[in-house]
Amino acid sequence: MKIDILTLFPEMFEGVLYSSIMKRANEKGILEFVLHNIRDYSESKHKNTDDYPFGGGAGMVMMPQPIFSCLDAVDKDHTAYRIALTPRGDVLTPDLAKELSQKDSLLLLCGHYEGIDERALSVMDREVSIGDYVLTGGELPAMVLIDCLSRFIYGVLGSEDSNKDESFSYGLLEYPQYTRPAEFRGMKVPDVLLSGNHANIEKWRRNMALEETRKRRPDLLEKLK
Ligand code: ADE
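Residues numbered from 1 in each chain as written. Predicted model: local features only at pLDDT ≥ 70, side-chain atom pairs only at ≥ 80, totals over all residues. Heavy atoms only, no water.

Caption draft 1: Representation of the site of the ligand in the model. Leu85, Thr86, Pro87, Val128, Ser129, Ile130, Gly131, Tyr133, Val134, Leu135, Gly137 and Pro141 make up every residue found near the ligand. Between Ile130 and the ligand, the recorded distance is 3.0 Å, taken from a backbone N or O atom to a nitrogen atom. When the ligand sits alone it has 260 Å² of accessible area, and the protein chains cover 96% of it. Elements supplying a minimum of two residues to the shell around the ligand: β5 (81-91) and β8 (126-129). Element by element, the count of residues in the shell around the ligand is highest for β5, at three residues. (Near = heavy atom within 4 Å. Polar contact = N/O pair within 3.5 Å; in protein donor to acceptor, adjacent residues only side chain to side chain. Areas by Shrake-Rupley, 256 points an atom, 1.4 Å probe, with all protein chains shown as cover. Helix = DSSP H or I, 4+ residues; strand = E, 2+ residues; numbered from the N terminus.)

Okay, structure coming up:
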């Protein structure tokens, strides 16, 4: 999957996209990231990208010209699925991430300042929010979206991880995990995990996932029903 990212702060992405699992997916050729600095497309003398809002009010609005010029250069024929990260967008869920993971190419528009001129948003296919809080820009949401959807793309996760994701715990919170030693500062690992009985271990994990979900996020159980 090719992902074009339109942003005023390309440097924010370097650490996230070129470390760990994203880095590996990039090296394997599964994900290709292309960062575009919207400022490079500004036709104003001082390379401005924002201006005062018509009608007054606080803050600045991202101008349409640099965004449209960037779109013309990057996705002239509108072949990518275009997403703007905005607080008013569809809230990111596992189902939405899965749907987006099936696209061949995505284009992510990251807004900054108080907003994006509505005419630039009108040529997007979708707006996505990562939750009901307002961040200072769309860069972190874009990174969250990329991380989240990439987990659904075959080959991004190692085989062990992906198995787990698709298994019985889908839609539930994670069951408790332990590693060595079997006892640490008087705290013991549950016996069943040391038993070697895989049927019992699965049953325990399923029950614990249900129990954790019931205790912490009963709303998720409602959705599963
Ligand atoms: N931009 C600012 N806040 C945001 C949010 N919660 N989700 C997506 N984009 C945003």
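Caption draft 2: Quick peek at the sheet that holds strand β6 (residues 105-110). Reading across the sheet, the five strands line up as β2-β1-β6-β5-β8 and stay open at both edges, with parallel pairing between neighbours. Strands at the two margins of the open sheet, each flanked by one partner only, are β2 (32-37) and β8. The sheet shows a mean angle of 30° between the axes of neighbouring strands, direction not considered. Summarising the sheet, strand β1 (residues 2-7) and β6 pair through five bridges and their orientation is parallel. Paired with Ile5 across the bridge in β6 is Leu108. In the packing of helix α6 (residues 139-150) onto the sheet, the strands contacted are β1, β2, β5 and β6, and the crossing angle to β6 comes to about 155°. (Pairing = 2+ DSSP bridges. Axes fitted to C-alpha atoms, helices over the stretch in contact; angles between N-to-C directions. Contact = heavy atoms within 4.5 Å.)

Caption draft 3: Summary view of the environment of Tyr175. Looking at where Tyr175 falls in the secondary structure, it is placed in the loop between α7 (159-166) and β9 (183-184). Residue class for Tyr175 comes out buried when judged on its relative accessible area of 6%. Sequence separation between Tyr175 and Leu210 is 35 residues; the distance between their C-alpha atoms is 8.2 Å. (Buried < 20%, exposed > 50% of the residue type's maximum accessible area, 1.4 Å probe, protein only.)

Caption draft 4: Inspection of the sheet that holds strand β3 (residues 50-51) at higher detail. Spatial ordering of the open sheet is given by β3-β4-β7, a layout of three strands whose pairing is mixed. The open sheet is flanked by β3 and β7 (115-116), the only strands paired with a single partner. In the sheet, strand β4 (residues 61-62) pairs with β7 via two bridges, with the strands oriented parallel. Bridge pairing in β7 links Met62 to Ile116.

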